[in-house]
Amino acid sequence: MVNKVVLVGNAGQDPEVRHLESGVAVANFNLATNETYKDKNGEKVTQTEWHRIVLWRGLAEVVEKYVKKGELLYIEGRLRTRSWDDKDGNKRYTTEVFADAMKMLGRKPAAPGEDQEEVVSQIQDDGPDTDAGEQDDLPF
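Residues numbered from 1 in each chain as written. Predicted model: local features only at pLDDT ≥ 70, side-chain atom pairs only at ≥ 80, totals over all residues. Heavy atoms only, no water.

J.: Is there a simple way to explain the pairing of strand 4 (residues 44-56) in this structure?
T.: Note on strand geometry: in a regular strand, side chains alternate between the two faces of the sheet. Direction of pairing for strand 3 (residues 25-38) relative to strand 4: antiparallel, over a ladder of 13 bridges. The residue of strand 4 that forms the bridge with A32 is W50. Hairpin connection, strand 3 to strand 4: the antiparallel pair is bridged by five residues, and G42 has positive phi, about 80°. (Pairing = 2+ DSSP bridges. Helix = DSSP H or I, 4+ residues; strand = E, 2+ residues; numbered from the N terminus.)

In structure tokens, the structure reads:
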């Protein structure tokens, strides 16, 4: 069975980074992907889809330092759905992308007289610990 997600989009906000009691870093942010098509009248329509991204350990520390709202990112990971009861006792669900790899797609500032070149940095993580105790410490 395969559970794999590949996204290229823009960070919707600066990542929120927390540290669990064990010291493990976890980051969360929304990623916007766009699909553009022409409607039945021939007009260009852009549809934005929002994805909740979760990064652990080294990936979380990298996004804390380098990723800001609007940054173009390549995210590779897997889907996870979790549920909880809200304050009124209603069952709520959310689906998140647990990132295993990230590439920062952007441009570094050019020195005077130089062309800009694309800067791509790739970071990979082994994913979150499967120890339920750490995941139970999450503040959300």
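Read on, since the account is not over.
J.: Would you mind going over the nonpolar core with me for this structure?
T.: The tendency in soluble globular proteins is for nonpolar side chains to be buried as a group. One finds F29, I53, L55, L73, I75 and M102 to be the most contacted residues of the largest nonpolar core, which totals 20 residues. Residue assignment for this core shows that the elements contributing at least two residues are strand 1 (5-11), strand 3, strand 4, helix 1 (57-66), strand 5 (72-85) and strand 6 (91-107). In terms of nonpolar packing, the next biggest core, distinct from the first, is built from six residues, V24, V26, V54 and F98 among them. (Core = buried A, V, L, I, M, F, W, Y, C linked by side-chain atoms within 4.5 Å. Buried < 20%, exposed > 50% of the residue type's maximum accessible area, 1.4 Å probe, protein only.)

J.: Can you walk me through the pattern of salt bridges in this structure?
T.: Pairing between side chains of opposite charge can happen when their charged atoms approach one another. Summed over the entire model, instances satisfying the criterion amount to five salt bridges. The salt bridge involving E76 is made with K4; its shortest N-O contact spans 2.8 Å. Highlighted residues: E76 in strand 5 and K4 in the segment before strand 1, separated in sequence by 72 residues. Of the charged contacts, one joins E96 and R82 as a salt bridge, the two residues approaching to 3.1 Å between their closest N and O atoms. Of this pair, E96 sits in strand 6 while R82 sits in strand 5, placing them 14 residues apart in sequence. On the basis of relative accessibility, which here comes to 3%, the residue E96 falls in the buried class. (Salt bridge = Lys/Arg side-chain N within 4 Å of Asp/Glu carboxyl O.)

J.: Please explain the packing of aromatic side chains as it appears in this structure.
T.: In this description, an aromatic ring pair is defined by two values, namely the gap between the centres and the angle between the planes. Taken as a whole and judged by the stated rule, the model has one aromatic pair. Measuring from centroid to centroid gives 6.3 Å for W56 and F98, while their planes differ by 40°, and the two rings are tilted. Remark: F98 occurs in strand 6 and W56 occurs in strand 4; sequence separation between them is 42 residues. A relative accessible area of 1% places W56 in the buried class. (Phe/Tyr/Trp six-rings, centres within 6.5 Å; stacked < 30°, edge-to-face > 60°.)

J.: Would you take a moment to explain the pairing of strand 2 (residues 16-19) for this structure?
T.: Here strand 2 runs beside strand 3; their pairing, made up of four bridges, is antiparallel. Across the sheet, the residue bridging to H19 is A25, located in strand 3. Hairpin remark: strand 2 followed by strand 3, antiparallel, with five residues in the connecting loop; positive phi at G23, about 95°.

J.: Is there a simple way to think about the confidence of the model for the protein chain in this case?
T.: Close inspection of predicted coordinates is inappropriate for parts of the model with low pLDDT. Here the protein chain averages 83 in pLDDT, while 76% of its residues score no lower than 70. In the model, residues 114-122 has pLDDT below 50 throughout and makes 23 contacts with residues more than four positions away in sequence or in other chains. Note that residues 129-140 has pLDDT below 50 and, in this model, 18 contacts with residues that lie over four places away or in other chains. (pLDDT = per-residue confidence, 0-100. Contact = heavy atoms within 4.5 Å.)

J.: Which parts of the structure should I look at to understand the environment of Y66?
T.: Assignment of secondary structure puts Y66 in helix 1. Residues Y66 and M104, spaced 38 residues apart in sequence, show a C-alpha to C-alpha distance of 8.9 Å. Filtering out sequence-adjacent residues up to four positions away, Y66 remains in contact with E71 and M104.

J.: Help me understand helix 1, please; the structure alone is not making it clear to me.
T.: Within helix 1, burial applies to L59, A60, V62 and V63. Projected down its long axis, helix 1 carries its buried residues within an arc of 165°, all on one side. (Arc of directions from axis to C-beta.)

J.: Explanation requested: the side chain of E76 in the structure shown.
T.: Looking at E76, its side chain comes within polar contact range of the side chain of K4, at 2.8 Å. When near neighbours in sequence (up to four residues on either side) are disregarded, E76 contacts K4, V5, V6, A99, D100 and A101. (Polar contact = N/O pair within 3.5 Å; in protein donor to acceptor, adjacent residues only side chain to side chain.)

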